[in-house]
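# Per-entry structural report
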Amino acid sequence: MIVTTTDSAPGREVSDSLGVVAGEAILGVNIFRDLFAGITDILGGRSQGYQKALREARDHAMRDMEEEAARLGAHAVIGVDIDYEAMDTQKGAMLLVSCNGTAVILR
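Residues numbered from 1 in each chain as written. Predicted model: local features only at pLDDT ≥ 70, side-chain atom pairs only at ≥ 80, totals over all residues. Heavy atoms only, no water.

A count of helical and extended segments in the protein gives 2 helices and 4 strands. Total accessible area on the protein stands at roughly 6,800 Å², and carbon and sulfur atoms take up 52% of it. (Helix = DSSP H or I, 4+ residues; strand = E, 2+ residues; numbered from the N terminus. Areas by Shrake-Rupley, 256 points an atom, 1.4 Å probe, with all protein chains shown as cover.)

This brings us to the environment of N100. The topology assignment puts N100 in strand β4 (residues 92-106). A relative accessible area of 28% places N100 in the partly exposed class. As for N100 and I82, which are separated by 18 residues in sequence, their C-alpha atoms are 6.8 Å apart. For N100, the residues in contact, after removing those within four places along its chain, are V20, V21, A22, M65, G79, V80 and D81. (Buried < 20%, exposed > 50% of the residue type's maximum accessible area, 1.4 Å probe, protein only. Contact = heavy atoms within 4.5 Å.)

Examined against the element boundaries, I105 turns out to sit in strand β4. Placed 32 residues apart in sequence, I105 and G73 show a C-alpha to C-alpha distance of 7.6 Å. Setting aside its immediate chain neighbours within four residues, I105 contacts E13, V14, S15, D16, L18, G73, A74 and H75.

The 4 strands lie next to each other as β1-β3-β4-β2, forming an open sheet whose pairing is mixed. Two strands close off the open sheet at either side, each with one partner strand: β1 (2-3) and β2 (14-28). Each of β1, β2, β3 (76-89) and β4 is contacted by helix α2 (residues 48-72), which is oriented at about 145° to β2, the strand it contacts most. (Pairing = 2+ DSSP bridges. Axes fitted to C-alpha atoms, helices over the stretch in contact; angles between N-to-C directions.)

All chains considered together, the criterion is met by 3 salt bridges. One salt bridge in this structure joins K52 and E56, with 3.7 Å as the shortest N-O distance. In this pair, K52 and E56 are both assigned in helix α2, 4 residues apart and thus about one turn of the helix distant. For E56, a relative accessible area of 34% corresponds to the partly exposed category. Across the salt bridge formed by R58 and D59, the nearest N and O atoms sit 3.9 Å from each other. The class of D59 is partly exposed, set by a relative accessible area of 36%. (Salt bridge = Lys/Arg side-chain N within 4 Å of Asp/Glu carboxyl O.)

The next point concerns the nonpolar core. Proteins that are soluble and globular tend to have nonpolar side chains buried together. Core analysis: the biggest nonpolar cluster contains 13 residues, and V21, M65, A69 and V77 have the highest contact counts within it. Going through the elements one at a time, β2, α2, β3 and β4 are the ones with two or more residues in this core. For this core, the element with the most residues is α2, which contributes 5 residues. If sequence neighbours within four positions are ignored, V77 has contacts with M1, I2, V3, T4, V21, M65, A69, G101, T102 and A103. (Core = buried A, V, L, I, M, F, W, Y, C linked by side-chain atoms within 4.5 Å.)

The values reported here are purely geometric and, on their own, carry no functional implication.
This is the structure we're talking about:
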């Protein structure tokens, strides 16, 4: 499956649009990861725990989007947009990653 943020697939022509496809992933943020991220924020540097959690959430959301496109018979998903959001809930922090794009048939 070709997945691209551009409005076309390089070297291919879109013959039909099958509609918007999306994938979402919500991950809870571990209290220990929060603690170490806070220390990193104070001392400076990168928070490896949050980076890993964001990467995992993005991978899940992308996979879900691709699976939806495949069920429609698409060859590619173009115009992909990835959004990240931190949410605070009564049970703690959550990370939301959503991906959406247009499922297409290519020539």
